[in-house]
Amino acid sequence: MKKFVAMLLAVVLLPVMAFAADGTKTAQLDPSNPVSLTVWHYYNGAQQAAYDELVERFNTTVGKEMGIYVQSFSQGSVRDLETAVINAVDGVIGAEPLPNIFSTYADTASAVQKKCDLVDLKEYFTEEELSAYVDSYIGEGYFNNDGHLYLFPVAKSTEILMINATDWEDFAEDTGSTLEELSTVEGIVRVADRYYDWTDAKTPDVADDGKAFYGRDSVSNYFILGTKQMGVDIFTVKDGQLTINADKELMRRLWENFYVPFVRGRFDALGKFRSDDVKTGDLLCYTGSSSSAMYFPDTVETDDDSIDIDHIILPAPMFENGDNYIVQQGAGMVVTKSDDKHEYAAAVFLKWFTQPENSLRFVVESSYMPVRKDAHSMEMLDKVIADNNLRVNSKSYDCLKVVIERTHDVPGYYTAVFPNGSKARSILDYNLLDQAKEDKAAVDEQVALGVSREDAAAPYITDEAFEAWYEQFVAALHAAAFNE
């Protein structure tokens, strides 16, 4: 009798966590007493509306049937979200507790994982299920080299070239310039020279008032992807040790194809984003995130007029004779340790959200890329649009046509995770750009006094000028990366 009672108690007291036949963890949920999940993200505007619509769809279908209710909250910008997460982890007074799921980049996820437990999502996905996702997207989630999948892809982005098609057509017709020339970084520079001269000639009574052609949202991507295309990882991590590979010859090539045309007035960066500069007519095109396509302006606003414009979307330019890589970016989601029911429910939601029929509803409005291989298809996208009678954002759709086709053939690239990675990227983002802005302003002052732009820019583009920049750049990069 005592043995029977003990066995009965053992059964009654079994935890709710169990394992499915395929070896993944599962849990017993109760639709009459649903598990509530809190999600933090950084989506705003149309992206947030599309995301919230999907969350509501989940809550009223699979969530209702299984006993899962998702509440999502935008924390503002990516930086705002990162701050909220770090404050929660550090227990800052007034900070909200960590949610069950939050969007994050690998650097932040790694920092959080060192301070609190994150769920290893491999416990909830079979190898077959994980193999359905784009390999490099899943690979980015194994950032800790411990075999655990902490960061799960839900939507990704890359870079594209966005062009004011209306003004481009006038320029191209007059000069013979072609879109094919814009496929390389060096080609962009050559066309930018031509555009400066073309716009300068429109006011023959005013010298050196040509306009800038091109700008870049992320200069760090320019460094990271540029060096990779030239055969070098600017950051490598082996056995936990970081190496910075800032080869002088490669840095010279990067300097000559960004800084030099910048101080010569061919490139520029004025607003918060380069799409702002297209809207004001200060740039004709820019390289930016594919997720920014929906924000490309529909008009150019000047002091005198408002002009409707069309758009052209092309793959981001690559270095001539470089290896074929595209940048891979976009936050994933992590699940925080809590209890068996909440962790299992979080995995169910992530699986549902990334199913092609669901994720494609999101990407068509957000310009993000789907993360499963079977969703990387325009045929699948068109089917989802037709089956659900979806309202289509034309810029997002045109962007997806470019990036989905490209990701089939070109591998995505992302940098290794290391301490102070965000600080190091910040040096890549602002060191050369800030120098270029400062020196261009000095050149502009000289031009205003009657000095030709070429003469005014000459002292800034010498071998000595490069050496001076390179020395302080490498020092700043090492100081940031190694916290010196």
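About the cut-offs
- Just so you know, the residues in each chain are numbered from 1, in the order the chain's sequence is written.
- Where local features are concerned, this predicted model is filtered to residues with pLDDT of at least 70; where side-chain atom pairs are given and counted, the filter is 80 or more; whole-chain, interface and lining totals use all residues.
- Side-chain metrics rest on all non-hydrogen atoms present in the structure, leaving aside hydrogens and water.
- Runs of H or I in DSSP of at least four residues are treated as helices and runs of E of at least two as strands, each being numbered from the N terminus.
- Using a 1.4 Å probe on the protein chains alone, a residue whose accessible area is under 20% of its type maximum counts as buried, one over 50% counts as exposed, and one in between counts as partly exposed.
- Residues are treated as being in contact if the distance between any of their heavy atoms lies within 4.5 Å.
- Two strands qualify as a pair provided DSSP detects at least 2 bridges between them.
- Angles run from 0 to 180 degrees between N-to-C directions of axes, and those axes are lines fitted to C-alpha atoms, restricted for helices to the stretch in contact.
- Cavity means a closed set of points on a 1 Å grid over the protein atoms alone, one where a 1.4 Å probe fits but cannot get out, pocket means an open set with protein on both sides within 12 Å along at least 5 of 7 lines, and lining means a residue has an atom within 4 Å of a point.
- Grid points are joined across faces, edges and corners, and a volume is the space filled by probe spheres set on the points.
- For this scheme, ten residues count as nonpolar: Ala, Val, Leu, Ile, Met, Phe, Trp, Tyr, Cys and Pro. Four count as charged, namely Asp, Glu, Lys and Arg, and the remainder, Gly too, count as polar.

(A) Representation of the side chain of S366 in the model. Position of S366 relative to the elements: it lies in helix α15 (residues 356-366). On the basis of relative accessibility, which here comes to 0%, the residue S366 falls in the buried class. If we ignore the near neighbours within four places in the chain, the residues touching S366 are Q47, S291, M294 and S396.

(B) Just the sheet that holds strand β14 (residues 311-315), in detail. Taken in spatial order, the four strands line up as β8-β11-β7-β14 in an open sheet, and their pairing is mixed. One side of each edge strand has no neighbouring strand; the edge strands of this open sheet are β8 (214-216) and β14. Direction aside, neighbouring strands of the sheet carry axes that sit 25° apart on average. Direction of pairing for β8 relative to strand β11 (residues 285-289): parallel, over a ladder of three bridges.

(C) Spotlight on the layout of surface pockets. Estimated volume of the largest pocket: approximately 1,900 Å³. Taken together, 48 residues make up the lining of the largest pocket; nearest its centre are V78, Y105, S218, F273 and D429. Elements that contribute at least two residues to the lining of the largest pocket include exactly α4 (78-90), α5 (106-113), α10 (219-229), α13 (274-279), β11 and α18 (421-448). Among the elements that make up the lining of the largest pocket, the one with the highest residue count is α18 (eight residues). Partitioning the lining of the largest pocket into residue classes produces 16 nonpolar, 19 polar and 13 charged. Put simply, the second largest pocket is a space of about 450 Å³. Around the second largest pocket, the lining is made up of 22 residues, and of these F143, N145, V237, V417 and F418 lie nearest the centre. At the level of elements, α5 and β10 (241-244) are the ones that each hand at least two residues to the lining of the second largest pocket. A per-class count over the lining of the second largest pocket returns twelve nonpolar, eight polar and two charged.

(D) Local environment of unusual backbone geometry. Although it is not a glycine, D239 sits at a positive phi angle of roughly 55°. With respect to the secondary-structure elements, D239 resides in the loop between β9 (235-238) and β10. Look at N321: it is not a glycine, yet its phi comes out positive at around 65°.

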